[in-house]
Amino acid sequence: MQASQVRPGRRRSEESRQAILGAAFELLAEVGYARLTVEGIAARAGTGKQTVYRWWPGKADVLLEAITAHARQHIALPGTGDHAADLRTFLAATFAAATPRTADALRALMAEAQIDPAFGERFRETLLRPRREALATLVDRAREAGRLAPHLTTATAVDLAFGTLWYRLLGTREPLDDELAELLTRTLLR
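Now for a quick tour of the structure. Everything quoted here is computed from the prediction, not taken from an experiment. For every chain, the first residue of the written sequence is number 1, and numbering continues from 1 along that sequence. In keeping with the predicted nature of the model, local features appear solely for residues at pLDDT of at least 70, side-chain atom pairs appear and are counted solely at 80 or more, and the whole-chain, interface and lining totals rest on all residues. The side-chain quantities take in all heavy atoms of the structure and omit both hydrogens and water.

## Some thoughts on the overall build of the protein
Here comes step 1: Only DSSP runs of H or I covering at least 4 residues are called helices, and only runs of E covering at least 2 are called strands; the numbering of each starts at the N terminus. Assigned secondary structure in the protein consists of nine helices and zero strands.
Here comes step 2: Taken from the N to the C terminus, the helices and strands of the protein come in the order α-α-α-α-α-α-α-α-α.
Here comes step 3: Every radius of gyration here is taken over C-alpha atoms, with the globule rule written as 2.2 Å times N^0.38, N being the number of residues. Relative to its length of 190 residues, the protein is compact, with a C-alpha radius of gyration of 18 Å against a globular reference of 16 Å.
Here comes step 4: Projected onto its principal axes, the C-alpha coordinates of the protein cover approximately 55 × 35 × 30 Å.
Here comes step 5: Burial analysis of the protein (190 residues in total) assigns 47% to the buried set.
Here comes step 6: It only takes one pair of heavy atoms within 4.5 Å for two residues to be counted as in contact. Counting only contacts in the protein whose residues sit at least 6 apart along the sequence, the fraction spanning at least 24 positions is 68%.
Here comes step 7: In the structure as shown, the protein presents an accessible area of about 9,600 Å², 52% of it carried by carbon and sulfur atoms.
Here comes step 8: Charged side chains in the protein number 26 positive and 23 negative. The centres of these two groups are separated by 4 Å. Three exposure classes are used, based on accessible area relative to the maximum for each residue type with a 1.4 Å probe and protein chains only: buried under 20%, partly exposed in between, and exposed over 50%. Computed with the Shrake-Rupley method and a 1.4 Å probe, the accessible areas treat only the protein chains shown as cover for residues. Under the counting rule used here, the positive set is Lys and Arg, the negative set is Asp and Glu, and His together with the chain ends is not counted. One atom stands in for each charge, and that atom is NZ of Lys, CZ of Arg, CG of Asp or CD of Glu.

This is how it looks when you write it as C-alpha cells:
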C-alpha cells in the first residue's frame, strides 16, 4: 500500500494528518530515526497510535508522506522556455528543500528502503520516481531544443543530478547549494 492510500475506516481529518506529519519531523530532529516511534509521534500529535496505524503502516511511511508533501510544495517544475534557468531553478529548489530536518528524514528513509524491500518499493514509487520524472521533463525539453550535452541521455543526466544529491546527503554531507545547481546545469547543458 502506498503511503498516500488511506486504509478503510474513518476518513482522516486534515488537522490530525498535519499534526502527525509535523510531529514525525519534530521528533526525528529531537531523538533520531532509531528512537522515533509511532507511539511518540501519536503522543506529540495528540492522537492515538491506532490513528497513525490506521493511516500508515509505520513510522517510515509517516515520514515518507511528510517528505513527499514537502517536495511537492517546495519544488515547482518551471517552464519559462529558458532551459538553463529552468534546470538551475529546479535543482536549486531541490537542494534548498534539503534543510537539516528534511535531510535527516531523507537519510533515514533511504536507509529504511535498503533494509525493508516493501518500504523500498513505496519509497521509489512515492518519492523517487516523481522527482526523477519532474527532472526528466526539464532535461527532455533541453534535449529537444538541442541544449542537452550531446553525450548524455535523459536518464544519465537525471542520474548525475540526483546521484550528486544523494552522494552529498549520504556520504560527504557537503553543501547542496546554488553553486552546485549552477555547476550541474553547466555540466548537463551545452
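Having put the structure on the table, let's press on.
## A look at the nonpolar core
Here comes step 1: Among the nonpolar cores identified, the biggest contains 64 residues, and L63, L91, F123 and L135 are the most heavily contacted of them.
Here comes step 2: Looking at this core element by element, the count peaks at nine residues for helix α7 (residues 117-144). Note on terminology: a nonpolar core comprises buried Ala, Val, Leu, Ile, Met, Phe, Trp, Tyr and Cys residues joined through side-chain atoms within 4.5 Å.

## Here's the deal with unusual backbone geometry
Here comes step 1: Even without glycine at this site, R173 takes up a positive phi of about 60°.
Here comes step 2: Structurally, R173 is set in the loop between α8 (154-172) and α9 (178-188).

## Considering the environment of L148
Here comes step 1: Within the secondary structure layout, L148 lies in the loop between α7 and α8.
Here comes step 2: For the pair L148 and T187, spaced 39 residues apart in sequence, the C-alpha separation works out to 9.2 Å.
Here comes step 3: With residues up to four places along the chain from it excluded, the contact list for L148 reads V139, A142, R143, T153, T154, A157, L188, L189 and R190.

## Quick notes on the pattern of salt bridges
Opposite charge on two side chains permits them to pair, given that their charged atoms come into close proximity.
Here comes step 1: In what follows, salt bridge is the name for a side-chain nitrogen of Lys or Arg lying within 4 Å of a carboxyl oxygen of Asp or Glu. This structure, assessed with the given rule, holds 15 salt bridges.
Here comes step 2: Residue E182 is joined to R88 by a salt bridge in which the shortest nitrogen-to-oxygen separation is 2.3 Å. Pair noted here: E182 is in helix α9 and R88 is in helix α5 (residues 83-97), with a separation of 94 residues, a long-range link.
Here comes step 3: We classify R88 as partly exposed; its relative accessible area is 28%.
Here comes step 4: Among the ionic contacts, a cluster of salt bridges with common partners joins E14, R17 and E65.

## What to know about the packing of α5 against α9
Here comes step 1: An axis is simply a line fitted to the C-alpha atoms; with a helix, the fit covers only the stretch in contact. Between two such axes, the angle follows the N-to-C directions and lies from 0 to 180 degrees. The geometry of α5 relative to α9 is characterised by a closest axis approach of 8 Å and an angle of 140° between their N-to-C directions. Relative to α9, α5 is oriented oblique. The way α5 lies across α9 gives a crossing that is right-handed. Seen from α5, the contacting residues are A84, L87, R88, L91, A92 and F95; seen from α9, they are D178, L180, A181, E182, L184, T185 and L188.
Here comes step 2: For this scheme, ten residues count as nonpolar: Ala, Val, Leu, Ile, Met, Phe, Trp, Tyr, Cys and Pro. Four count as charged, namely Asp, Glu, Lys and Arg, and the remainder, Gly too, count as polar. Of the residues belonging to the contact of α5 with α9, the class tally is nine nonpolar, one polar and three charged. When describing relative orientation, an angle under 35 degrees is termed roughly parallel and one over 145 degrees roughly antiparallel, while 65 to 115 degrees is termed roughly perpendicular and anything else oblique. A clockwise turn of the near helix away from the far one marks a right-handed crossing, whereas an anticlockwise turn of less than a right angle marks a left-handed crossing.

Geometric descriptors of this kind do not, in isolation, establish any biological role.
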